[in-house]
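Structure assessment
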Amino acid sequence: MRVKGSSASRNKQKKLYSITKGFWGRKKNVYRRAREAYLHALTSAFAGRKLKKRDFRKLWIVRINAAARVNGIAYSALINGLKRANITINRKMLADLAVNDAPAFSQLVEKARAAL
């Protein structure tokens, strides 16, 4: 007697179609194309998690540089001054200060300028 797996196959396909919902063209509703698209999307997601870290660091540096130039100092000079003043603060926190607390950021710039 042979085993027919229609319900299992259908459930497997439904699960995949729910994942690929929103994909373009046949990639959302033809099983073979959907599976290919899904596997490709997984590799892109892996790469994206690595790129996300780089992108955020770039964003923080841009924000710090903009705020630093408002205070009359370049980004590289600010970072160098903070290192010489033994102020260890990461770029994420510096960017947050630059955006949300300008007076505190200005005090850090003054300390960095004094250390140079």
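Our subject in this report is the structure included herewith. In this text, all values refer to a predicted model and were calculated from it rather than measured experimentally. (Residues numbered from 1 in each chain as written. Predicted model: local features only at pLDDT ≥ 70, side-chain atom pairs only at ≥ 80, totals over all residues. Heavy atoms only, no water.)

A general trend in soluble globular proteins is that nonpolar side chains are found buried together. I64, L78, L82, L94 and F105 are the most contacted members of the largest nonpolar core, which has 15 residues in total. For this core, the secondary-structure elements that each account for two or more residues are α2 (31-70), α3 (75-84), α4 (91-100) and α5 (102-115). Leave out the neighbours within four places in its chain, and L82 touches I87, I89, L94, L108 and A112. (Core = buried A, V, L, I, M, F, W, Y, C linked by side-chain atoms within 4.5 Å. Buried < 20%, exposed > 50% of the residue type's maximum accessible area, 1.4 Å probe, protein only. Helix = DSSP H or I, 4+ residues; strand = E, 2+ residues; numbered from the N terminus. Contact = heavy atoms within 4.5 Å.)

With that settled, consider the environment of R33. Here R33 is to be found in helix α2. Residue contacts for R33: discarding those within four places in its chain leaves R26 and K27. Within the structure, the side chain of R33 is placed 3.2 Å from the side chain of E36, a separation counted as a polar contact. (Polar contact = N/O pair within 3.5 Å; in protein donor to acceptor, adjacent residues only side chain to side chain.)

All told, the structure shown has 2 salt bridges when counted by the stated rule. In this structure, the salt-bridge partner of R33 is E36, at a minimum N-O distance of 3.2 Å. Remark: E36 and R33 occur in helix α2; sequence separation between them is 3 residues, near one turn of the helix. Using a relative accessible area of 45% as the deciding quantity, one classes E36 as partly exposed. In this structure, R113 engages E110 in a salt bridge whose closest nitrogen and oxygen atoms are separated by 2.9 Å. (Salt bridge = Lys/Arg side-chain N within 4 Å of Asp/Glu carboxyl O.)

It is worth spelling out a positive patch on the surface at this point. A surface patch of like charges, here positive, comprises R49, K50, K52 and K53. Among the structural elements, K50 can be located in helix α2. (Patch = residues over 30% accessible without salt bridge, like charges linked within 9 Å, V, L, I, M, F, W, Y side chains within 5 Å. Areas by Shrake-Rupley, 256 points an atom, 1.4 Å probe, with all protein chains shown as cover. Lys, Arg positive; Asp, Glu negative; His and termini not counted. Charge placed at Lys NZ, Arg CZ, Asp CG, Glu CD.)

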